[in-house]
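# A closer look at the structure
Each chain, letter by letter, is given below.
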Amino acid sequence: MASQSANLWVLLGLGLAGIFVLTRKLKQAVKEELGAFIEKLQLLPPPQPAPPKAPHPLTALTFALSDLFDIEGHVSTFGHPEWARTHEPASSTSPAVSALVEGGATCVGTTVVDDLAFGISGENKHYGTPTNPAVPARVPGGSSSGAAVAVAANFVSFSLGIDTIGGVRVPAGFCGILGFRPSFGAVSNIGIIPISTSLDTVGWFAKDPNILCRVGHILLKAPFVMQRNPRQIIIADDCFQHINVPVDRSSQVVIKATEKLFGRQVLKHINLEDYISSEVPSLKEYSSQKTNGELKASSLKLLANIMKFLQRHEFRLMHDEWLNIVKPDLHPAISAQLYEKFEVSDVEIENSKSVRSEIHAAVNLLLKDEGILVIPTVADPPPKLGGKEILSEDYQSRTFSLLSIASVSGCCQVTIPLGFYDKYPVSVSLIARHGGDRFLLDTLKSMYSTLQEQADIAAKSKSLRNVVSKEQTAEIAKEKGNQAYKDKQWQKAIGFYTEAIKLSGDNATYYSNRAQAYLELGSYLQAEADCTKAINLDKKNVKAYFRRGTAREMLGYYKDAIDDFNYALVLEPTNKRAASAVERLRKLFQ
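Residues numbered from 1 in each chain as written. Predicted model: local features only at pLDDT ≥ 70, side-chain atom pairs only at ≥ 80, totals over all residues. Heavy atoms only, no water.

From N to C terminus, the chain includes 23 helices and eleven strands. Over its C-alpha atoms, taken along the principal directions, the chain stretches across nearly 125 × 55 × 40 Å. Considering the chain as a whole, with its 590 residues, one finds that 53% of them fall into the buried category. Of the contacts formed within the chain by residues at least 6 apart in sequence, a portion of 72% connects residues at least 24 apart. For the chain, the exposed surface amounts to about 26,700 Å²; the carbon and sulfur share of it is 54%. Mean positive and mean negative side-chain charge positions of the chain (64 and 61 charges, respectively) differ by 5 Å. (Helix = DSSP H or I, 4+ residues; strand = E, 2+ residues; numbered from the N terminus. Buried < 20%, exposed > 50% of the residue type's maximum accessible area, 1.4 Å probe, protein only. Contact = heavy atoms within 4.5 Å. Areas by Shrake-Rupley, 256 points an atom, 1.4 Å probe, with all protein chains shown as cover. Lys, Arg positive; Asp, Glu negative; His and termini not counted. Charge placed at Lys NZ, Arg CZ, Asp CG, Glu CD.)

This is the structure:
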């Protein structure tokens, strides 16, 4: 009996040792896979139907999912060990995950998200930050960092993530892969840990556009329709002026691909900030309140502030009790958002609802059924691992301004890689109206190869001037000058206008615009000289006559000033400012 007992203990010991070795090997394998995975598991698809029925649509594809989707019997970490410690296993599997498995795909594991899926860096000190295969020294982007890395490193065919304020779009851009944020409500959010109930969407990653679309057809349950070409592709020129990638590697790639596929007549250009300012009047209410220490801000910055307000407010509504009880150790950027005092007024909530409703209507009006808006995905390259750049107000403002368009409006957006610039991944994003998900995926399929072809051509060119003419570069400098002028940065505006003049010295508008900035600084002689140059180049430049008249009036050359104002009136009889100036000066000499 004693001998049998000893043998039993030996066998049990061997069994436990085997389990320990297996677990250790599994953890080592997980760690070796660029730190993308939290846990390896298998959810197997049902058997294939017998012929002549078609096989499952996702047959032979593998996928991973961010560790905040419910899997029956599994405890999600939500990016933090304290969450896993204080929560029970899920009683059922998320419908989105089940639909993919039933569609023939095999789930192979759960992946890292940043702390409570709240940030955009993808860093996680508790489980380790997944390594960005595109630029290993830089962050992978979050919140769905592990899911993006698993696709970028070819560990899986596709993966699932959550996009609230950029959780799929940012890591797709940083890792150089495709990422899709569907229209709000287009894919069921049942069975995911909520972050912000009015912003959360189930998104997905892939490298192959065909796979991205196949996954979309399953998740969106979209009925088959004939593929339609876009009637308009609208370039948000102002958004591309403020990014760290030249236009020949970003917007120009889309323009050339569009011209080749659909013709130049499809293209349209827009100043998106101006459009939003005019179509979303509730933003003016918001701007009248003090926001981040500023009384005035651009429409997109205000939209970004509303997006972050909603994320923070709704997260705390759901999870404040848990945060106060557990007090988890969080990344500094997330801790600042969730632990600082945060007061919310009914006025702020109502105003955010008005803005959401108006921006939703504005984007749908702009794009209608077959329009596409083109913006940069992110404004800057991925920040360094462990760096503080991503915490800066300027970095977050630039990034969230772009991400807020789809998040707050609820429209769908796809991130498309365009190769590398200066060793960092480049991407652009296409946005379609709310509910236009199938149309956006079809547009991606029809444009993808041509976009890659044009991106390769741009990457191989020897210099920017070989791709973008001096005139085009001058126009870009002028637009930057216009933006600086609008921001009341007069000296900066003069610098941009001077750059435009150096590139194209026979454009009257550049001289006239620089004169206006000189007027603001009280540099009247320089303003007069620039206006004279503009008039010599264009005898019908009304603004140049008016601005020269203003400069001459300030210099005391009243007769000459009256002549200039009168000439402006001859060219434009309805110019009330010129008429008022003439009347004012004439009264001085009566």
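Further remarks concern empty space enclosed by the protein. Remark: the empty space left among the atoms is shown by a probe the size of a water molecule rolled over them. One pass over the full model with this rule turns up one cavity of 30 Å³ or more. In terms of lining residues, the largest cavity is bounded by Ala117, Gly119, Ser143, Ile162, Thr164, Ile165, Gly166 and Gly167. Of the residues contributing to the lining of the largest cavity, the split by class is three nonpolar, five polar and no charged. (1 Å grid on protein atoms, 1.4 Å probe; cavity = no way out; pocket = protein on both sides within 12 Å on 5 of 7 lines; lining within 4 Å. Points joined across faces, edges and corners; volume = space filled by probe spheres on them. Nonpolar A, V, L, I, M, F, W, Y, C, P; charged D, E, K, R; others polar.)

The strand order E1-E3-E2-E4-E6-E5-E10-E11-E9-E7-E8 describes an open sheet built from eleven strands, whose pairing is mixed. Either end of the sheet is taken by a strand with one partner, and the two such strands are strand E1 (37-43) and strand E8 (267-270). Along the sheet, successive strands turn relative to each other by an average axial angle of 25°, direction set aside. Here three bridges tie strand E5 (residues 178-181) to strand E6 (residues 201-206), and the two strands are oriented antiparallel to one another. Bridge assignment links leucine 178 to a residue of E6, and that residue is alanine 206. Helix H3 (residues 95-102) rests against E1, strand E2 (62-66), strand E4 (158-163) and E6 of the sheet, and its axis sits at about 175° to E2. (Pairing = 2+ DSSP bridges. Axes fitted to C-alpha atoms, helices over the stretch in contact; angles between N-to-C directions.)

In this structure the tally under the stated criterion is eleven aromatic pairs. Ring plane angle 65° and centroid distance 4.9 Å describe the contact between phenylalanine 78 and tryptophan 83, whose orientation is recorded as edge-to-face. A relative accessible area of 0% means that phenylalanine 78 is categorised as buried. Cluster of aromatic residues (ring-pair linked, three or more members): Phe78, Trp83, Phe118, Phe315 and Trp322. Lying across the ring of phenylalanine 37, lysine 40 places its NZ or CZ 4.9 Å from the centre. (Phe/Tyr/Trp six-rings, centres within 6.5 Å; stacked < 30°, edge-to-face > 60°. Lys NZ or Arg CZ within 6 Å of the ring centre and 35° of its normal.)

Moving on, we get to the pairing of E2. In terms of burial, E2 is largely enclosed, as four of its five residues are buried. When E2 meets E4, the two strands line up parallel, connected through three bridges. Counterpart to leucine 65 in the pairing with E4 is leucine 160.

What follows deals with helix H8 (residues 251-262). If you check H8, its first and last C-alpha atoms are 16 Å apart, about what twelve residues at 1.5 Å a residue would give, namely 16 Å. Residue glycine 263 follows H8 closely and has a positive phi angle near 95°. (Expected span 1.5 Å × (residues − 1).)

All right, on to the side chain of lysine 308 then. With respect to the element layout, lysine 308 can be found in helix H11 (residues 299-326). Although buried, lysine 308 forms no salt bridge, and the nearest oppositely charged side chain, glutamate 393, lies 4.7 Å from it. Setting aside anything within four residues of it in sequence, one finds lysine 308 in contact with Gln396 and Phe400. (Salt bridge = Lys/Arg side-chain N within 4 Å of Asp/Glu carboxyl O.)

Before going further, it helps to spend a moment on the confidence of the model for the chain. With 92% of its residues at a pLDDT of 70 or more, the chain has an overall mean of 90. Here residues 290-295 scores under 50 on pLDDT; set against residues more than four positions off or in separate chains, the count is eight contacts. This stretch, residues 462-467, has a pLDDT under 50; its non-local contacts, to residues over four places away or in other chains, come to eight contacts. (pLDDT = per-residue confidence, 0-100.)

Below, the discussion takes up the layout of surface pockets. In this structure, the largest pocket occupies an estimated 1,100 Å³ of space. Lining the largest pocket are 35 residues, and of these Glu273, Ser298, Lys301, Gln483 and Asp487 sit closest to its centre. Secondary-structure elements contributing two or more residues to the lining of the largest pocket are helix H7 (237-240), helix H9 (272-279), helix H10 (282-288), H11, helix H14 (393-409), helix H17 (470-486) and helix H18 (490-503). Here the residues of the lining of the largest pocket are counted per class, giving eleven nonpolar, eleven polar and 13 charged.

In this section: the environment of valine 363. Checked against the element boundaries, valine 363 lands in helix H13 (residues 346-367). Sequence separation of valine 363 and isoleucine 276 is 87 residues, and the distance between their C-alpha atoms is 8.6 Å. Excluding anything up to four places from it in sequence, valine 363 contacts Ser409 and Cys411.

Turning our attention to the pattern of salt bridges. Considering all chains together, one arrives at 24 salt bridges under this definition. Measuring nitrogen to oxygen at the nearest pair gives 3.3 Å for the salt bridge that ties glutamate 259 to arginine 264. Here glutamate 259 falls in the partly exposed class, since its relative accessible area comes to 29%. Residues joined in a network through salt bridges with shared partners are Glu528, Arg548, Arg552 and Asp564.

This next bit is on the side chain of glutamate 314. With respect to the element layout, glutamate 314 can be found in helix H11. Not counting chain neighbours up to four residues away, the residues in contact with glutamate 314 comprise Ile195, Ser196, Thr197, Ser198 and Leu199.

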